[in-house]
Amino acid sequence: MNLFKENYPQYVDRHRHRVNTSFYPSDFMYQLPKDIKVTSLNHGCKKCLHACENVTLTPSPMCRGWQCMCNARNQIYNHSIITDNQYMFKKPMIMAEKMTIRDKRVTNETQVPDLSKSVITVLTGRRVLKTKHELQIQLNLQDKYGNMLNRGGDDVRAWITRSKNKMAMSGRVFDFNNGTYLVRFPTLWNGTNTVSIVIPYYREESTTLFRWYRTLNSMYYHVGLFMKGPLNQNTLCLPVPKIIGYQEICNFTTLNDGSPWYCGRPPSANLTCNDFSGLRDYRFSDVGATHAESELLSRAPCSHTNRNLSVILNIEGKDISRTDLPLCSNLPKSETWDLSTPSGYFNGSFYQSTKCKTSDNISTKIAKALNKTKLIMVGDSTMKQWFVALTKSIKCKFVAKYVCQRKDWQGSVEFILHAYPNLYSDMKGRGRQEYTIKSYTSIFNSIPKSGRYVVAMHMYGHFARMRYNIFRDTIQSFLPALRNALNRNSELQVLIKGPHVFYCTGWVPCINDFMGRHLISILHEEMEEFRSRVVYLDYWDMSIAAVNDNIHPPPKFVWNMIEYLFAFIHE
């Protein structure tokens, strides 16, 4: 029996869902019912800014700094403004959002899952669980009254662990859309095991988050800085040209290496778009949550500690060890995109792929992979973590702040910040000098006809704070350049670092991994043409098995991820 070729259905939605805007009546415009009292989303967030102590009716031409955003024309501070967001429905809408589009707002009467009432059942047709067979766990969600919740859409995650040898693997979860979920694991090891299930986002939270993203495009804004002499004013910025509260928009796409970027025009007639100085993040979001919504999302900082269920079970038989697996670097790239089975498992501190084997000596593997090779690592601060850990390990010499070389290998490693602006970095000014900021299109266009190049790319943390159509648009924008680069240089290798889970955040509405699984689905849709030419690195499975807490993983887990990367690079 082949444990890794079970008849698991793909959880990736392979079809784009375009929505007829005429289907949705005007009540889908964003407007709070008059009888609902609203509260700030910053409830419970100690690090969030409360930028506006006084909100004026209109933006004052004489305002300074943050206060230029504190006016009633800005919907962040005026929840009575009706915003025509019908244009959002013209974008491809994923099925996960479509199924929540008519859900009611969360109130104190809304019944959400009560995990103390919910039931876990071990399903097996045998009296004894044994290795080489499949383990199935059923979860039935109930409300606080013990009533079955007759709907699906909860973000259910599961993993199995054995304390002996520290074995761990994520499972596959199937939603029957009636409050019942099925979790499936191949049984690879024996002994006493614990199956853990966590629900970081209930259906009701997903509905709320989708609505906010659909309304505002983002839950996390950036601030544009405009300066001329002593005059300085701030405006909100987004990678879309429709920013609530601004009639006139400055287009800074050229400054962002061709990737869309826009800021509201400053209110003073003495400041123009040419006086743009740079960007900062704006740690404040107030979209007018109901008290129930705010309480539901303003929960304990780690969702896997207070939203988890578990069951202990015993598995008999011998541990399964596959010796006939190919090297990961020889595995057909299309296999890396197949998420129908768990991609790997932890055996102690080592992460073993279920589809291929990695090198026993990672140092030798890295040396061979980087021989006469330029490794370009493109992404955000989590990719920078990889760069820092790798360059420290290989003891290369820095020839620039983010370029490191090993002359004896004739190889180099470079970190590039992706063009979607990162926190505390300017597109124009000293931040621009600190980082090399490029779009993915520019990077692929720069690949020459010959020479060994490896591009490891990542799009997650900063895109997860936006509505997913921005992620989709970004992928679509670089596909022609990717196609040309792969056709131009036969030695080019491209590997995509997938999203990872993180359970701990003090600001759930705005910094979370909610979008992660939806971005994975979109990535699989848009990259369908390239699945035989580009490697997908599944870190969602790995981070579920590791029960990763933070958006910036700890050093050991970072190194697990790096080892997994190099396993798939051809020498």
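Here is what the cut-offs are and how they apply
Residues numbered from 1 in each chain as written. Predicted model: local features only at pLDDT ≥ 70, side-chain atom pairs only at ≥ 80, totals over all residues. Heavy atoms only, no water. Disulfide = S-S within 2.5 Å. Helix = DSSP H or I, 4+ residues; strand = E, 2+ residues; numbered from the N terminus. Phe/Tyr/Trp six-rings, centres within 6.5 Å; stacked < 30°, edge-to-face > 60°. Buried < 20%, exposed > 50% of the residue type's maximum accessible area, 1.4 Å probe, protein only. pLDDT = per-residue confidence, 0-100. Contact = heavy atoms within 4.5 Å. Core = buried A, V, L, I, M, F, W, Y, C linked by side-chain atoms within 4.5 Å. Axes fitted to C-alpha atoms, helices over the stretch in contact; angles between N-to-C directions. Parallel < 35°, antiparallel > 145°, perpendicular 65-115°, else oblique. Nonpolar A, V, L, I, M, F, W, Y, C, P; charged D, E, K, R; others polar. Pairing = 2+ DSSP bridges. 1 Å grid on protein atoms, 1.4 Å probe; cavity = no way out; pocket = protein on both sides within 12 Å on 5 of 7 lines; lining within 4 Å. Points joined across faces, edges and corners; volume = space filled by probe spheres on them. Salt bridge = Lys/Arg side-chain N within 4 Å of Asp/Glu carboxyl O.

**Considering the state of the cysteines**
So, step 1. Under the definition given, this model contains five disulfides.
So, step 2. Two residues, C250 and C273, share a disulfide whose sulfurs are 2.0 Å apart. Because the torsion about its S-S bond is -80 degrees, the bridge between C250 and C273 counts as left-handed. In this pair, C250 is assigned in strand β12 (residues 249-251) and C273 in the loop between β13 (262-264) and β14 (276-282), connecting sequence segments 23 residues apart.

**Some thoughts on the packing of aromatic side chains**
So, step 1. With the rule as written, the count across this model stands at 21 aromatic pairs.
So, step 2. Ring geometry for F387 and F415: centres 6.1 Å apart, planes at 40 degrees, overall tilted. With F387 in helix α7 (residues 381-394) and F415 in strand β22 (residues 411-418), this pair connects stretches of sequence that are 28 residues apart.
So, step 3. Owing to a relative accessible area of 2%, F387 belongs among the buried residues under this scheme.
So, step 4. Here Y460 and F502 contribute two aromatic rings whose centre-to-centre distance is 6.4 Å and whose plane-to-plane angle is 65 degrees, an arrangement assigned as edge-to-face.

**Here's the deal with the confidence of the model for the chain**
So, step 1. In this model, the chain carries a mean pLDDT of 84, and residues with pLDDT of at least 70 account for 82%.
So, step 2. Segment residues 1-36: pLDDT under 50, and 92 contacts once partners within four positions in sequence are set aside and those in other chains are kept.

**Digging into the nonpolar core**
So, step 1. In this structure, F444, L482 and M527 are the most contacted members of the largest nonpolar core, which totals 85 residues.
So, step 2. Dropping the residues within four chain positions of it, M527 is found in contact with W337, I475, L479, L482, I496 and V534.

**Some remarks on the packing of α7 against helix α13 (residues 555-567)**
So, step 1. At their nearest, the axes of α7 and α13 sit 10 Å apart, and the two run at 80 degrees to each other. The orientation of α7 with respect to α13, classified from their angle, is roughly perpendicular. For the pair α7 and α13, the contacting residues are Q385, W386, A389, L390 and S393 in the first and V558, W559, M561, I562, L565 and F566 in the second.
So, step 2. Taken together, the residues of the contact of α7 with α13 sort by class into nine nonpolar, two polar and no charged.

**Observations concerning the sheet that holds strand β7 (residues 172-175)**
So, step 1. One open sheet accounts for four strands, arranged β2-β4-β8-β7; its pairing is antiparallel. A single partner strand is all that each edge strand has here, and the edge strands are β2 (119-123) and β7. Strand-to-strand, the axes of this sheet are offset by a mean angle of 20 degrees, without reference to chain direction.
So, step 2. Strand direction decides the pairing type here: strand β4 (residues 134-140) and strand β8 (residues 180-186), joined by seven bridges, are antiparallel. Across the sheet, L139 pairs through a bridge with Y181, a residue of β8.

**What about the sheet that holds strand β6 (residues 167-170)?**
So, step 1. Taken in spatial order, the seven strands make up an open sheet running β3-β16-β9-β5-β6-β17-β18, and their pairing is mixed. For this open sheet the edge positions go to β3 (129-130) and β18 (350-353), each flanked by a neighbour on one side alone.
So, step 2. Looking at chain direction, strand β9 (residues 191-201) and strand β16 (residues 308-316) are connected through eight bridges and run antiparallel. Bridging across to β16, V195 finds its partner in V311.
So, step 3. Here α13 sits on the sheet in contact with β17 (344-347) and β18, set at roughly 35 degrees to β18.

**Considering empty space enclosed by the protein**
So, step 1. Counted under the stated rule, the structure contains four cavities of 30 Å³ or more.
So, step 2. Approximately 90 Å³ is the volume found for the largest cavity.
So, step 3. If you trace the largest cavity, you find 13 residues lining it, with E335, T336, S343, K355 and Y564 closest to the centre.
So, step 4. Sorting the residues of the lining of the largest cavity by element identifies α5 (333-336) and β26 (535-537) as the ones contributing at least two each.
So, step 5. Looking at the lining of the largest cavity residue by residue, the class counts come to six nonpolar, three polar and four charged.

**Let's talk about the pattern of salt bridges**
So, step 1. The tally for this structure, following the rule as stated, stands at 21 salt bridges.
So, step 2. We note a salt bridge from R172 to D541, for which the minimum N-O separation is 2.9 Å. Pair noted here: R172 is in strand β7 and D541 is in helix α12 (residues 539-546), with a separation of 369 residues, a long-range link. Each member of the pair, R172 as well as D541, carries the same accessibility label: buried.
So, step 3. A salt bridge links E529 to R483; the shortest N-O distance between them is 2.7 Å.

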